[in-house]
Amino acid sequence: MNKIIQVLPGFLLALIIAAIAQLLESLLPIHLIGSSVIALFIGMFIHQIYKPNAITKPGIVFTSKKVLKFAIVLLGASLSIGTILQVGRLSLTVMVFTLLTCFGGGYFVGKALGLDWKLSNLISAGTGICGGSAIAAIAPVIEAEDKDIAYAISATFLFDMAMIVLFPIMGKAMGLSDMAYGLWAGTAVNDTSSVVAAGYAFSEAAGDFATMVKLTRTLSIIPTVLIFAMIHMRLKRKEATFANEIGITSQVKFTKIFPWFILLFVGMSILNSVGFIPEAVSATLKDLSKFLMVGALAAIGLNTDFKEMKKSGYQPMVHGFIISLLVVVVAFAVEYFMGII
């Protein structure tokens, strides 16, 4: 009971910001910016005038860590392998190449810019998969810092804002068909709300196809999270081995470093894929997951200082721009060689 009372103020503050963010998103004439990004920025703004104290800090940390993991587990209930069958091999082929570009190219770009591997891969995940949701899902698996999460989301968000305006203009200038444009926007634009905005700005048919392609991209969260869990555990064990070699006693147990919540996340997606979770329940869990994730990002914002972000310099933004641009070009090139364009 004492624990609940301790975390309640900060938790409620984060949920209030989440509710405000979702209200602001609903008031926008078109979905230019998602509620998760709005909540993050509101939290970061509040931090400048009201830093977390002994009353709110425990709940803010609880929301950004524990509640985020719970939201990710619930997210699994909205992911279905059936989506892949609906969209078909076209989107999967393009998606494979864009994901390889993000994580392969992102590795070398991050190295060249001297970025920490966690921040570099968060930006790559946001660009290659689904913006804030992918960043939020991978962050707890690799134990990323709040400032890195905020920076990664900011980097992908800025590029998305440019693409919402430029994509329809470029698509019409090149005379793309609804399907070709929808596939291009669905695989190259990051956040779901941005894909919807860019897709329907071209045509209703293009918007429908772009949204479905985007849902297929979202499914790649599952293998990506598992891969990063393995990478993080391997690095932890290397650190422990090195510590023992230089005389520092350090033990790393698999049971302690494995992110067990991802098993629940994968389990939920499997149950939904085989039809075990009713559609109405899946939709409710998806809404709850989104709200809690928005609340978690609000908490991350409340715990993020602009001064700390500035210490990372301009390199993360450059990284995000380069990778996003590469994805746009690669997605277009793959469509061209497949004869779609």
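Relevant structure appears above.
Residues numbered from 1 in each chain as written. Predicted model: local features only at pLDDT ≥ 70, side-chain atom pairs only at ≥ 80, totals over all residues. Heavy atoms only, no water.

A. Representation of the overall build of the protein in the model. The secondary structure content of the protein amounts to 17 helices and zero strands. When each of the 341 residues of the protein is scored for burial, the buried share is 52%. A separation of at least 24 residues holds for 83% of the contacts in the protein among residues at least 6 apart in sequence. As presented, the protein carries roughly 15,700 Å² of accessible surface, and 70% of it is formed by carbon and sulfur atoms. (Helix = DSSP H or I, 4+ residues; strand = E, 2+ residues; numbered from the N terminus. Buried < 20%, exposed > 50% of the residue type's maximum accessible area, 1.4 Å probe, protein only. Contact = heavy atoms within 4.5 Å. Areas by Shrake-Rupley, 256 points an atom, 1.4 Å probe, with all protein chains shown as cover.)

B. Geometry of a nonpolar patch on the surface. A surface patch of nonpolar side chains, about 1,000 Å² in accessible area, is lined by Met1, Ile4, Ile5, Leu8, Leu12, Ile16, Ile20, Leu23, Leu24 and Leu27. Locating Ile16 in the fold gives a position in helix H1 (residues 2–27). (Patch = residues over 30% accessible without salt bridge, like charges linked within 9 Å, V, L, I, M, F, W, Y side chains within 5 Å. Salt bridge = Lys/Arg side-chain N within 4 Å of Asp/Glu carboxyl O.)

C. Looking closely at the environment of Leu288. Along the chain, Leu288 turns up in helix H15 (residues 279–302). With 213 residues separating them along the chain, Leu288 and Leu75 place their C-alpha atoms 8.7 Å apart.

D. Structural context of the packing of aromatic side chains. Counted according to the given criterion, the structure contains ten aromatic pairs. Centre to centre, the rings of Tyr181 and Phe202 are 4.1 Å apart; their planes meet at 15°, and the pair counts as stacked. Of the two residues, Tyr181 is situated in helix H9 (residues 178–188) and Phe202 in helix H10 (residues 192–202); the sequence distance between them amounts to 21 residues. In this pair, the class of Tyr181 matches that of Phe202, namely buried. Ring-pair connections join several aromatic residues into one group, and the members of that group are Phe167, Tyr181, Trp184, Phe202 and Phe332. (Phe/Tyr/Trp six-rings, centres within 6.5 Å; stacked < 30°, edge-to-face > 60°.)

E. Here's a closer look at the nonpolar core. Leu122, Ile149, Phe167, Tyr181 and Ile221 are the most contacted members of the largest nonpolar core, which totals 95 residues. A total of ten residues in this core trace back to one element, the largest contributor, which is H15. If sequence neighbours within four positions are ignored, Ile221 has contacts with Leu75, Ile129, Cys130, Ser133, Ala134, Ala137 and Phe265. (Core = buried A, V, L, I, M, F, W, Y, C linked by side-chain atoms within 4.5 Å.)

F. Representation of the side chain of His47. Checked against the element boundaries, His47 lands in helix H2 (residues 35–49). The contact partners of His47, leaving out residues within four places of it in the chain, are Pro52, Gly301, Leu302, Asn303, Thr304 and Asp305.

G. Up close: the pattern of salt bridges. Under the definition given, this model contains four salt bridges. Of the charged contacts in the structure, one is a salt bridge between Glu25 and Lys290, with a shortest N-O distance of 3.7 Å. Of this pair, Glu25 sits in helix H1 while Lys290 sits in helix H15, and the two are 265 residues apart along the sequence. Using a relative accessible area of 41% as the deciding quantity, one classes Lys290 as partly exposed. Here Glu145 makes a salt bridge to Lys147, at a shortest N to O gap of 3.9 Å.

H. Inspection of the side chain of Asp146 at higher detail. Counting through the fold element by element, Asp146 comes out in helix H8 (residues 146–173). Residues contacting Asp146, with those up to four places away along its chain left out, are Ser64, Lys65, Ile300, Asn303 and Thr304.

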